Amino acid sequence: MSDEQLLAFYRQMVLIRRFEERAARAYTEAKVGGYCHLNLGEEATVVGLMAALDDSDYVFANYREHGYAIARGIGPERVMAELYGRTDGVSRGWGGSMHMFDITSRFMGGYGVVGGQLPLATGAALAVDYRGGSEAVMCLMGDGTTNIGAFHESLNIAALWNLPIVYVVINNGLGMGTTVEQSSAEPELHKRASSYRMPAARVNGNDPVAVHGAARAALASARAGKPYLLETVSGRLKGHSVVDPAKYRSKEEAEALEEADPIAAYAVRLHDQGLLTDELITEIDTEAAATVAAAAEFADASPHPEVSTLFDYTYATPVPNDSRRLPGDALFPAAPQPTAQQIGASA
């Protein structure tokens, strides 16, 4: 890889880190509603995976998606506005943290239901194959998703039909608060692909260059008709969501994660290669902080969506009997009430 690309990885990792820190702050300020899951500690995996994709490829994500949206080319200001629930957000303010969607970048949404994206991503790969396209699909998931039925069903059908898809298990060692070892009889999750005669690999998720190389190999396999299971291993610096204090983690475990911070480790690596100086580290961090501050200002200034637009994006095309009932509206029209005259006549 070129020196410019190695530095670009670092810049993007720092930007995502600062963005997620600002998102956590906004949540405590009640500017972000609902659930909010951060990519803190996952930045190397995020950048390595997204850089491996072609512009025409499709991405399906789970609810931990902010960094992936940014790395896929969606502006930080649009991502932040979506977190704030504003009309300039990537989903017009109706998606929030977990449900970002952008057809231009072929970012096909985040999904709040665990594993909800797997059948849809597999269906997209089937559509690509049916049309004879050269695109590939990348489907992201957490380690906990590998224990649900849709995981096995999707991998099975993809292997049977030779679909152009890469399933990526982002293994941070915890399904919410339960360790992989406690929930999975085979904790090396990439080995599950052997049940479907599917090629697979495990990669250090704290190394963006290693992730990028592994993802490129996986995508090449998918384009050649061999779906692939890639497992990236990285730590989660904070709890499952912003409101999770992660008390299931010991002090020693938390300290070990901090010491293995992928951004700090990558900075040392580039510094040793002569690509980063202390001055450049400060400059990059300052630029990232300014970009995120501007994104927050943009989100603050963006208007809230009108209630009348609540159902505008329910379906891509009009469907018959599309319900437009708002919360609190009666399911059926109220029965007509008899007049006083009618009541007197009946008496």
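Now for a look at the structure at hand. Computed from a prediction, not measured in an experiment: that's the story for all the values here.

### Description of the packing of helix H5 (residues 117–131) against helix H6 (residues 149–161)
To characterise two packed helices, one gives the angle between the axes of the helices and the distance between these axes. Direction vectors running N to C along H5 and H6 enclose 10°, while the axes themselves pass 9 Å from each other. Put simply, H5 runs roughly parallel to H6. H5 and H6 meet at a crossing whose hand is left-handed. Residue-level contacts link Leu118, Pro119, Thr122 and Leu126 of H5 to Ala150, Phe151, Ser154, Ile157 and Trp161 of H6. Here the residues of the contact of H5 with H6 sort into seven nonpolar, two polar and no charged.

### Observations regarding the environment of Asp88
By secondary structure assignment, the location of Asp88 is in the loop between helix H4 (76–83) and strand E2 (107–111). The class of Asp88 is partly exposed, set by a relative accessible area of 34%. Through-space distance from the C-alpha of Asp88 to that of Thr104 is 15 Å; in sequence the pair is 16 residues apart. Once residues within four sequence positions are removed from consideration, Asp88 is found in contact with Arg78, Ala81, Phe298, Ser302 and Pro303. Within polar-contact distance, the side chain of Asp88 engages the side chain of Ser302 at 2.8 Å.

### Some words on unusual backbone geometry
At Arg92, a residue that is not glycine, the phi angle is positive and equals roughly 60°. Along the chain, Arg92 turns up in the loop between H4 and E2. For Arg92, a relative accessible area of 44% corresponds to the partly exposed category. In this structure, Arg106 takes a positive phi of about 55° despite not being glycine. In this fold, Arg106 is placed in the loop between H4 and E2. Taking the relative accessible area as the measure of exposure, Arg106 reaches 24% and is therefore partly exposed.

### Digging into the pairing of strand E7 (residues 200–204)
Judged from the five bridges that link them, E7 and strand E8 (residues 228–233) form a sheet pairing that is parallel. By the bridge assignment, Ala200 is partnered in E8 with Leu229. Note on the crossover from E7 through helix H8 (residues 208–223) to E8: the handedness is right-handed.

### Quick look at the sheet that holds strand E1 (residues 58–62)
Across the sheet, six strands lie side by side as E2-E1-E3-E4-E8-E7; this open sheet has parallel pairing. At either margin of the open sheet sits one strand with a lone partner, and together these are E2 and E7. If you compare each strand with its neighbour and ignore which way they point, the axes differ by 15° on average. Sitting on the sheet, helix H2 (residues 43–52) touches E1, strand E3 (137–142), strand E4 (165–171) and E8, and the angle it makes with E3 is about 165°.

Definitions and limits used
- Residues numbered from 1 in each chain as written.
- Predicted model: local features only at pLDDT ≥ 70, side-chain atom pairs only at ≥ 80, totals over all residues.
- Heavy atoms only, no water.
- Axes fitted to C-alpha atoms, helices over the stretch in contact; angles between N-to-C directions.
- Helix = DSSP H or I, 4+ residues; strand = E, 2+ residues; numbered from the N terminus.
- Parallel < 35°, antiparallel > 145°, perpendicular 65-115°, else oblique.
- Left-handed = near helix turned anticlockwise from the far one by under 90°.
- Contact = heavy atoms within 4.5 Å.
- Nonpolar A, V, L, I, M, F, W, Y, C, P; charged D, E, K, R; others polar.
- Buried < 20%, exposed > 50% of the residue type's maximum accessible area, 1.4 Å probe, protein only.
- Polar contact = N/O pair within 3.5 Å; in protein donor to acceptor, adjacent residues only side chain to side chain.
- Pairing = 2+ DSSP bridges.
- Right-handed = clockwise from strand over helix to strand, strands pointing away.

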